[in-house]
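Listed here are the chains, written in short residue letters.
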Amino acid sequence: MNSNLSDSTLESMVVAAMNQALPPGARSILLLPPDHTRLQSKAGEIVRILYRHFSQRCRIDIMPALGTHAPMTGDDLRLMFGTEIPQERFLVHDWRRDTVRLGEIPAQMLRELSGGALDFPVAVEVNGRILDPRYDLVVS
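Small disclaimer: the values here were computed from a predicted structure and weren't measured.

Participant: How would you summarise the sheet that holds strand β2 (residues 59–62) if you had to cite specific residues and measurements?
Facilitator: Pairing is parallel in the open sheet, where three strands are placed in the order β2-β1-β5. Edge positions in the open sheet fall to β2 and β5 (137–139), since each of these has one partner strand only. For this sheet, the mean inter-axis angle between neighbouring strands, taken without regard to orientation, is 20°. Against the sheet, helix α2 (residues 43–54) contacts β1 (28–31) and β2, and its axis sits at roughly 160° relative to β2.

Participant: I'd like a description of the side chain of Ser-55, backed by residues and values.
Facilitator: Tracing the backbone shows Ser-55 in the loop between α2 and β2. Here the side chain of Ser-55 touches Tyr-51 through a polar contact of 2.7 Å, landing on its backbone oxygen. With residues up to four places along the chain from it excluded, the contact list for Ser-55 reads Leu-50 and Ile-60.

Participant: Hey, could you go over the pattern of salt bridges for me, with residue numbers and the actual values?
Facilitator: Going through the model one piece at a time under the given rule, you end up with ten salt bridges. Here Arg-89 makes a salt bridge to Asp-61, at a shortest N to O gap of 2.5 Å. You can see Arg-89 sitting in the loop between α3 (74–81) and β3 (99–105) and its partner Asp-61 sitting in strand β2, a full 28 residues away along the chain. Neither residue differs from the other here; Arg-89 and Asp-61 are each classed as buried. Each of Glu-11, Glu-45, Arg-48, Arg-52 and Glu-84 takes part in one network of salt bridges that share partners.

Participant: How would you explain α2 if you had to name every residue and give the values?
Facilitator: Taking 1.5 Å as the rise per residue, α2 with twelve residues should run 16 Å; its terminal C-alpha atoms sit 16 Å apart, in good agreement. Among all positions of α2, only Ala-43, Gly-44, Val-47, Arg-48, Ile-49, Leu-50, Tyr-51 and Phe-54 are buried. Against the buried residues of α2 lie α1 (7–21), β1, β2 and α3.

Thresholds applied
- Residues numbered from 1 in each chain as written.
- Predicted model: local features only at pLDDT ≥ 70, side-chain atom pairs only at ≥ 80, totals over all residues.
- Heavy atoms only, no water.
- Pairing = 2+ DSSP bridges.
- Helix = DSSP H or I, 4+ residues; strand = E, 2+ residues; numbered from the N terminus.
- Axes fitted to C-alpha atoms, helices over the stretch in contact; angles between N-to-C directions.
- Contact = heavy atoms within 4.5 Å.
- Polar contact = N/O pair within 3.5 Å; in protein donor to acceptor, adjacent residues only side chain to side chain.
- Salt bridge = Lys/Arg side-chain N within 4 Å of Asp/Glu carboxyl O.
- Buried < 20%, exposed > 50% of the residue type's maximum accessible area, 1.4 Å probe, protein only.
- Expected span 1.5 Å × (residues − 1).

Structure representation (structure tokens):
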């Protein structure tokens, strides 16, 4: 993202994009921003903008994409996302227990894509909340 982008320009761009993506009558949104290891990404500011503009009409849950990192502490959440969003809106991605297997990338495909450097299948898994039909929109 261009570091010269003003706060007001960022806000208007984020709000316009969400207004376009949000289905009519949507009631629930799941946001999947990066965790605090990507503090400089402006993701925290984007989440604050989305919460400020859309939380009155939609339930917004936020699940920082941890990968295999440890869950964010309260201090980590405040550092990344500020203090405006209630702590109970944040969900923890438990990558050991909450994943659902969608499929597998075959070894042959990885071998071809990697020029022979990789030769094993890789499971494709996501947090099950992403598939929860109660969410009208999932934003990563």
